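# Structure at a glance
Chain residues, written in single-letter form:
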Amino acid sequence: MSTIVVFSHLRWDFVFQRPQHLLSRLAQHYPVLFVEEPVYDDGAPFMERSSPAPNVTVCRAHTPIHANGFHDDQLRLLQPMVAQLAPPGEEVVAWFYTPMALPLLQSLRPALVVYDCMDELASFRNPPKQLLQRESALLSIADLVFAGGPSLYEAKRHRHPNVHCFSSSVDVVHFQQALDRTRTHPQQDAIPHPRLGFYGVLDERFNPDLAGVVADAHPEWQIVLAGPVVKIDPERLPRRPNIHYLGQQPYAALPDLLAGWDVCLMPFAINEATRFISPTKVLEYMAAQLPIVSTPIADVANPYGHVVAIADTPDEFVAACEAALAQTSEQRRHMVDAMQAVVAATSWDNTAARMRELIDTAPPHTDRRATPRSLDAANDPAAASLRGSKVNTLRAHEPHVGTVVIGGGPTGLSAAYHLGADTLLLDRNESVGGWCRSIEDNGFTFDHAGHIMFSNDPYVLKMYEVLLGDNVHWQNREAWIYSKGVHTRYPFQGALYGLPPKVVTECVMGAIEARYESAESRTAAAQAVDDCCADGTTDVCNTDRSVKGEVKNFEQFIYKVWGKGIAKHFAIPYNRKIWTVPLSEMETSWLGGRVPLPNLEEIIQGALEPSPKPLGPNARFGYPLKGGFQALMNGFLPHIKGKIELNADVVQVLPREHIVALRDGRRFRYDDLISTMPLPELIKAIGNEAPEEVRAAAKGLRHVSIRCVNIGIDRVATDKHWIYYPEDTIFHRIFVQGNASPGCNPPGGFGFTCEISYSPYKPLPVDGEALIARAIEDCRKVGMIQDGDTILAANQVDMPYAYVLYDHARARNVETCKAWLKQYDITLVGRYSEWEYYNSDHALLAGKRGADIVHAKRARAQKASSE
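Here's a quick rundown of the structure. The model shown is predicted, which means the values in this text are computed figures rather than measured ones.

Further remarks concern unusual backbone geometry. The amide bond that connects His193 to the next residue, Pro194, takes the cis arrangement and shows omega of -5°. Across the junction of Tyr490 and Pro491, the peptide omega takes the value 5°, indicating a cis bond. By secondary structure assignment, the location of Pro491 is in the loop between strand S22 (486-489) and helix H15 (501-517). Even without a glycine there, the phi angle at Asn442 is positive, about 55°. If you trace the backbone, Asn442 turns up in the loop between strand S18 (438-441) and strand S19 (444-447).

Below is the structure:
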């Protein structure tokens with residue numbers, strides 16, 4: 001007879017639920033050894049045994065190690081104890097509720113490995129960092145996978161060839177005791193009716209605010225909450241005279257509670273922790289034939305939405321409770337009939353019998369089946385403990401993941417956000433964010449260059465809301481230009497007032513000449529180009545009308561659009577400064593594809609009177625209140641279901657083998673690769689495996705770098721958000737971090753960033769401390785720093801890849817690289833990988849597009865296999 005050895009993160013004497021129901025029934029056919037997580041004991045390690053049910057032995061290790069759970073530090077003590085559990089020579093079925101115990105498998109040499117996935121543990125609060133990695137390894141070696149509900153089944157069925165959906169069931173006889181409404185529970189005898197009750201664990205899945213709303217809506221209702229408080233601060237729980245906390249209750253007492261309730265509540269939070277849950281209590285409530293009101297949990301709404309009242313909002317939840325209490329006898333009769341039909345179709349006995357049938361008929365476990373594809377010994381010390389077991393570790397240095405995402409900037413984070421748990425995000429830095437990271441210095445927060453949030457896309461705006469919540473401030477932009485010793489409002493051509501008269505005259509006359517030189521050209525509506533990056537370069541193509549006239553380069557484009565005056569005093573010097581190359585070397589496809597005509601009315605009006613504050617959607621931007629732009633990047637982390645590896649520098653990509661290698665020697669095998677790393681760097685990492693023409697194309701891609709000098713002073717220097725400098729300062733723009741959000745400043749401080757472009761064609765004139773000194777000197781020259789100001793912070797950050805250079809060979813070179821990479825399941829997304837002029841909102845959508853490509857590919861493969 002086989003012995004079932006169970007590894008569980010839940011203790012047997014905790015809430016009586018799925019493990020206890022199933023294993024107490026399977027114990028009629030197999031001895032069951034239930035291995036709990038160890039407990040601390042300052043003596044010698046030992047295994048405590050108890051028998052809470054016939055043929056069930058609970059094994060609780062006592063160790064002198066404080067680490068919680070099946071922690072790596074516990075393994076050396078647990079392995080010899082686990083090895084002695086099963087009788088010598090007896091076949092073992094290894095049964096896992098937690099992948100964290102996987103390294104203990106070596107002690108058992110099992111005939112069969114079962115993974116009963118009752119919850120998506122990685123979605124719960126504070127999961128172990130190795131959890132997803134070990135789950136991938138467990139799925140690679142398991143013979144049978146049981147999913148605890150339809151949502152979990154859908155999440156796992158593509159990751160294993162033998163997944164079975166076994167939703168939670170019900171012990172009908174036990175809970176039908178509640179039909180005797182005279183039964184009482186001593187803790188609620190004194191609580192008046194109506195009673196609305198919930199029993200279960202009060203953790204991150206429970207919505208305490210909703211319980212408070214229900215209690216406040218009807219003070220005459222009595223809210224009964226029975227269950228242990230776990231992983232949340234008890235202070236978060238609402239305290240009202242009509243809310244009663246009964247604590248954890250024994251399984252035997254649950255029918256007595258139900259017999260005294262009028263409505264059963266399921267006030268679950270809607271979050272990642274509840275995304276895949278299939279609550280056992282819904283069927284138990286049904287067996288008691290009581291009205292049920294639930295939030296929209298997927299595995300409750302479908303298939304029980306015809307029996308359970310589903311409420312999306314707090315007001316709807318209260319209204320559903322009111323309706324439940326006001327049921328007519330006819331409504332109650334229909335409800336009871338529906339509930340009886342549901343519970344009659346399921347039982348724990350039938351579930352356990354079907355599982356037993358699969359166990360008994362499964363083919364024996366083999367070494368070939370025991371190849372862990374995703375347990376990385378280099379990254380997970382516990383992997384070493386599998387050596388010597390039936391698990392094949394020969395390829396443990398090449399764990400397998402469904403999708404590898406290279407680069408943890410906004411595009412890579414968005415891709416991982418839109419992908420599933422079988423995703424690995426690799427980033428070379430110590431924190432996520434790419435060039436959207438922030439740093440701190442002496443209380444100041446500085447970004448890597450200036451970033452803002454802006455989009456007309458509803459999906460992106462919703463993402464901002466999800467990622468930042470209320471940690472965001474929307475404000476009207478104050479963008480200015482400093483030239484000729486004065487500040488004028490951005491855009492330059494619409495705010496000439498205040499400039500020297502001669503400059504104004506040259507700009508107006510140049511625009512008139514440009515307009516009427518093109519008067520015979522056929523006109524069409526202009527195509528607006530968003531300037532979400534706020535670098536000022538797209539300003540030149542936002543006008544009222546455009547023509548189809550051809551231009552050969554960016555410099556010619558500027559003269560045709562604005563004329564020689566505006567070109568001379570702003571557009572040419574500023575763009576030469578930021579792009580670092582002669583503008584004749586740049587093409588114009590990134591500017592909208594048409595040649596706009598100057599808006600003479602705007603130019604003349606802006607020359608005669610001060611320009612008003614900017615209006616319209618493009619004049620309003622968002623920025624995190626606290627944490628700098630890093631806060632937006634960090635907002636992705638709670639939502640990413642896959643794994644993130646930081647300090648993971650990709651140095652080699654093998655497209656034909658589908659392998660990426662890191663500088664530290666680790667290697668990962670993938671099905672799909674999403675790259676956001678700079679396209680030349682990707683081709684360089686591929687090396688000679690790429691054809692010569694592809695390598696030559698990659699080398700031909702040009703870019704501009706940015707060095708940021710961050711300065712903090714003890715005075716508010718300006719009310720502006722950013723300022724463009726077309727003249728002789730070392731920087732082309734100052735982004736005023738301290739006005740983007742006051743949360744970026746320490747008390748009494750004010751921070752801003754000087755952005756300096758450079759390239760092989762325009763190297764930095766000085767570097768190191770000399771560069772900081774030069775930036776401070778130029779800030780004094782333009783009035784940003786004044787005599788008497790104290791420098792509280794001064795540092796610099798480097799952005800080797802900042803702007804893609806649109807030279808005349810770019811499109812051809814990019815296409816050559818893309819065409820070759822596509823055949824190897826490599827998807828390029830984002831500014832640097834697609835080599836495109838992308839704004840921050842485009843980056844988020846690019847990541848989603850990359851994820852959609854992977855999903856579509858897998859859907860096609862699944863369809864093909866089913867045919």
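That shown, we press on.
Ranked by internal contacts, the top residues of the largest apolar core, which has 115 residues, are Trp579 and Val653. If one sorts the elements of this core by residue count, helix H16 (residues 554-579) sits on top with 13 residues. Contact partners of Val653, with chain neighbours within four places excluded, come to Ile406, Ile659, Val660, Tyr670, Leu673, Leu682, Ala685 and Ile686. Grouped together as the second largest cluster of nonpolar side chains are 60 residues, Ala215, Phe268, Tyr304 and Val307 included.

Evaluation of the coordinates by the stated rule reveals 7 cavities of 30 Å³ or more. Its boundaries defined by the atoms lining it, the largest cavity holds a volume of some 140 Å³. In this structure, the largest cavity is lined by 14 residues; those nearest its centre are Gln133, Ser136, Val401, Leu424 and Lys643. Where the lining of the largest cavity is concerned, the elements lending two or more residues are helix H3 (131-141), strand S17 (423-426) and strand S27 (643-645). In terms of residue class, the lining of the largest cavity is built from 6 nonpolar, 5 polar and 3 charged.

Quick look at H3 now. Burial runs high along H3: 11 of the 11 residues are buried. Three or more residues of H3 are buried, namely Leu131, Leu132, Gln133, Arg134, Glu135, Ser136, Ala137, Leu138, Leu139, Ser140 and Ile141. Contacts from the buried residues of H3 go to helix H2 (72-83), strand S6 (92-96), strand S7 (112-117), strand S8 (144-147), helix H4 (150-156) and S27.

Time to look at the packing of helix H20 (residues 692-699) against helix H23 (residues 810-822). H23 packs onto H20 with a crossing angle of 135° between their chain directions and a minimal axis gap of 8 Å. By the angle between their directions, the pair H20 and H23 is classed as oblique. Helix-helix and strand crossings are classified by hand; for H20 and H23 the assignment is left-handed. Where H20 approaches H23, its residues Glu693, Val694, Ala697 and Ala698 are matched on the opposing element by Asn813, Thr816, Cys817 and Trp820. A per-class count over the contact of H20 with H23 returns 5 nonpolar, 2 polar and 1 charged.

Take the side chain of Thr580 next. As for its position among the elements, Thr580 is in the loop between H16 and strand S25 (595-597). On the basis of relative accessibility, which here comes to 8%, the residue Thr580 falls in the buried class. Among the polar contacts made by the side chain of Thr580, one reaches the side chain of Ser759 at a distance of 2.7 Å.

Another point: the packing of aromatic side chains. Per the stated rule, a full pass over the model turns up 33 aromatic pairs. Between Phe554 and Phe557, the aromatic rings sit 6.4 Å apart at their centres with planes inclined by 45°, giving tilted as the arrangement. Here Phe554 and its partner Phe557 are both found in helix H16, 3 residues apart, which amounts to about one turn of the helix. The exposure classification of Phe554 matches that of Phe557, with both residues buried. When the ring of Tyr574 is compared with that of Tyr724, the centres are 5.5 Å apart and the planes differ by 80°; the resulting orientation is edge-to-face.

Turning our attention to the pattern of salt bridges. Where charged atoms from two side chains of opposite charge come close, those side chains can pair. According to the stated counting rule, one finds 48 salt bridges in the structure shown. Here Arg134 makes a salt bridge to Asp72, at a shortest N to O gap of 2.6 Å. Of this pair, Arg134 sits in helix H3 while Asp72 sits in helix H2, placing them 62 residues apart in sequence. Judged by its relative accessible area of 18%, Asp72 falls in the buried class. The shortest N-O distance in the salt bridge between Arg666 and Glu645 comes to 3.2 Å. On the criterion of sequence distance, the pair formed by Arg666 in the loop between strand S29 (659-662) and strand S30 (667-675) and Glu645 in strand S27 is long-range, its members being 21 residues apart. Take Arg666 and Glu645: they sit in the same class, and that class is buried.

Extensive coverage of strand S31 (residues 703-713) is indicated by the burial of 10 of its 11 residues. Of the pairings in the sheet, the one linking S31 to strand S35 (residues 791-804) comprises 10 bridges and is antiparallel in character. Each bridged residue has a counterpart across the sheet, and for Cys708 the counterpart in S35 is Val797. Sheet topology places S31 next to strand S34 (residues 750-758); 9 bridges connect them, and they run antiparallel. Across the sheet, Asn710 pairs through a bridge with Thr753, a residue of S34.

Thresholds applied
Residues numbered from 1 in each chain as written. Predicted model: local features only at pLDDT ≥ 70, side-chain atom pairs only at ≥ 80, totals over all residues. Heavy atoms only, no water. Helix = DSSP H or I, 4+ residues; strand = E, 2+ residues; numbered from the N terminus. Core = buried A, V, L, I, M, F, W, Y, C linked by side-chain atoms within 4.5 Å. Buried < 20%, exposed > 50% of the residue type's maximum accessible area, 1.4 Å probe, protein only. Contact = heavy atoms within 4.5 Å. 1 Å grid on protein atoms, 1.4 Å probe; cavity = no way out; pocket = protein on both sides within 12 Å on 5 of 7 lines; lining within 4 Å. Points joined across faces, edges and corners; volume = space filled by probe spheres on them. Nonpolar A, V, L, I, M, F, W, Y, C, P; charged D, E, K, R; others polar. Axes fitted to C-alpha atoms, helices over the stretch in contact; angles between N-to-C directions. Parallel < 35°, antiparallel > 145°, perpendicular 65-115°, else oblique. Left-handed = near helix turned anticlockwise from the far one by under 90°. Polar contact = N/O pair within 3.5 Å; in protein donor to acceptor, adjacent residues only side chain to side chain. Phe/Tyr/Trp six-rings, centres within 6.5 Å; stacked < 30°, edge-to-face > 60°. Salt bridge = Lys/Arg side-chain N within 4 Å of Asp/Glu carboxyl O. Pairing = 2+ DSSP bridges.

Bear in mind that shape data such as this cannot, by itself, settle questions of function.
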